[in-house]
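# Tertiary structure, described
So the chains spell out like this:
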Amino acid sequence: MYLTAFSAFAVPDIDTARTFYRDVLGLPVTDALRGQLTLDLPGGGWVLVYPKPDHVPATYTVLNLEVSDIEVAVDELVGRGVAMLRYEGFDQDARGIARGIAADQGPDIAWFTDPAGNIIAVLRNPA
């Protein structure tokens, strides 16, 4: 029935998004038709990023990036100028990581935004 599936989200500035996703996050970025981008995701899959001048960031996580070592991932992102978000109600450590594995409540996770304000997470799932 379905041929493929992909996700999409908007940004106000494609050039800024291209630089962030390629140079800061290190994802393969391809220019697509009509001024859009595709992000090739680890493990297959892809995301379409499209321009929307009146963009309003989503209030939820639009992209989750699973990592094997969350401390290293967060430190590398911070070293590239990314600021981790802090959310009330989450017990986050000094790096901004909310721990879930030790309490068997889900992944260790940290959130940040892209330049458009879209929320992204790095996380380490339980084994």
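Residues take numbers from 1 onward in each chain, read along the sequence in its written order. pLDDT decides what is reported in this predicted model: residues at 70 or higher carry local features, side-chain atom pairs at 80 or more are listed and counted, and totals for whole chains, interfaces and linings draw on all residues regardless. No hydrogens and no water enter the side-chain calculation; it runs on all heavy atoms of the structure.

A separate point is the overall build of the protein. Where helices and strands are cited, they refer to DSSP runs of H or I of at least four residues and of E of at least two residues respectively, numbered from the N terminus. The helix and strand inventory of the protein stands at 2 helices and 7 strands. In the protein, the succession of helices and strands from N to C terminus is β-α-β-β-β-β-α-β-β. Taken over C-alpha atoms, the radius of gyration comes to 15 Å for the protein, in line with the 14 Å a tight globule of 127 residues would show. Taken over the C-alpha atoms alone, the protein extends approximately 45 × 35 × 25 Å along its principal axes. The 127 residues of the protein split such that 38% are buried. Once local pairs closer than 6 in sequence are excluded, the contacts in the protein between residues at least 24 apart make up 51%. Residues counted as positive are Lys and Arg, residues counted as negative are Asp and Glu, and His and the chain ends are not counted. In this description, the location of a charge corresponds to atom NZ of lysine, CZ of arginine, CG of aspartate or CD of glutamate. With 9 positive and 17 negative side-chain charges, the protein shows a separation of 4 Å between the mean positions of the two kinds. The atom set for the radius of gyration is the C-alpha atoms, and the globule formula is 2.2 Å times the number of residues raised to the power 0.38. Partly exposed describes any residue whose relative accessible area lies between the buried limit of under 20% and the exposed limit of over 50%, with all areas from a 1.4 Å probe on protein chains only and scaled to the type maximum. Whether two residues are in contact is decided by their heavy atoms, any of which lying within 4.5 Å being enough.

Whether two strands pair depends on DSSP finding at least two bridges between them. Spatially, the 3 strands line up as an open sheet ordered E5-E7-E6, and their pairing is mixed. Single-partner strands in this sheet number two, and they are strand E5 (61-66) and strand E6 (108-113). Recorded for the sheet is a direction-independent mean angle of 25 degrees between the axes of neighbouring strands. Every angle, taken between N-to-C directions, lies between 0 and 180 degrees, and every axis is a line fitted to C-alpha atoms, over only the stretch in contact when it is a helix.

Moving on, we come to helix H2 (residues 70-79). Along H2, the positions that sit buried rather than exposed are Ile-70, Ala-73, Val-74 and Leu-77. Along the axis of H2, the buried positions cluster into a sector of 95 degrees, meaning they face one direction only. Where H2 is buried, its residues touch helix H1 (14-24), E6 and strand E7 (119-124). Throughout this description, a polar contact denotes any pair of N or O atoms lying within 3.5 Å of each other; where both atoms belong to protein, one of them has to be capable of donating a hydrogen while the other can accept it, and for residues adjacent in sequence the pair is counted only when both atoms sit in side chains. One side-chain oxygen of the residue at the start of H2 lies 3.2 Å from the amide nitrogen of Glu-71, identifying that residue as Asp-69. Within two residues after H2, Gly-81 carries a phi angle of roughly 95 degrees, on the positive side. When we speak of the arc, we mean the arc of directions from the helix axis to the C-beta atoms.

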